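Notes for the structure review
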Amino acid sequence: RTRSVERNIQHIKEIFQAIVYKSSLGPSFFKDKTLIEIGPGDTLGLALMFIASGCKKIICVDRFKCVQHSKKHAIIYNSIINELQGG
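The structure reproduced in this document is the subject of the present report. All values reported here derive from a predicted model rather than from experimental measurement.

Conventions and cut-offs
- Residues numbered from 1 in each chain as written.
- Predicted model: local features only at pLDDT ≥ 70, side-chain atom pairs only at ≥ 80, totals over all residues.
- Heavy atoms only, no water.
- Patch = residues over 30% accessible without salt bridge, like charges linked within 9 Å, V, L, I, M, F, W, Y side chains within 5 Å.
- Areas by Shrake-Rupley, 256 points an atom, 1.4 Å probe, with all protein chains shown as cover.
- Salt bridge = Lys/Arg side-chain N within 4 Å of Asp/Glu carboxyl O.
- Helix = DSSP H or I, 4+ residues; strand = E, 2+ residues; numbered from the N terminus.
- Buried < 20%, exposed > 50% of the residue type's maximum accessible area, 1.4 Å probe, protein only.

Regarding a nonpolar patch on the surface
On the surface, a cluster of nonpolar side chains totalling about 400 Å² of accessible area is made up of Ile36, Ile38, Ile59 and Val61. When residues of the nonpolar patch are traced back to their parent elements, those giving at least two are β1 (34-38) and β2 (57-61). Under the relative-accessibility criterion, isoleucine 38 is labelled exposed at 72%.

Okay, structure coming up:
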């Protein structure tokens, strides 16, 4: 079952919030760090959010080849970027 674009974006934000804030680490913990995301799924939105938060590098590893060239991915990434820039 394919998730809607809005649901994908919400899911990415929920995971980011859980990692950064519910863990009590806070955003400054990730500044200039290299992270490994295991099993990013069908988008790299979480990696994008960590880069925007100051991570130096994100390495994403998944057992399946991920195709990131769809219109859906472009909408997800552009929406995340616009929101992170305050738009």
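Let's talk about the pattern of salt bridges
Close approach of charged atoms allows side chains of opposite charge to pair. Evaluated as defined, the whole model comprises 3 salt bridges. Among the salt bridges present, the one from arginine 7 reaches glutamate 14, with a minimum N-O distance of 3.7 Å. Judged by relative accessible area, which is 38%, glutamate 14 ranks as partly exposed. Of the charged contacts in the structure, one is a salt bridge between lysine 72 and aspartate 42, with a shortest N-O distance of 3.4 Å. Taken together, the residues span a long stretch of sequence, with lysine 72 in helix α3 (residues 71-84) and aspartate 42 in the loop between β1 and α2 (45-52) at a distance of 30 residues. Here lysine 72 falls in the buried class, since its relative accessible area comes to 19%. With a relative accessible area of 38%, aspartate 42 lands in the partly exposed category.

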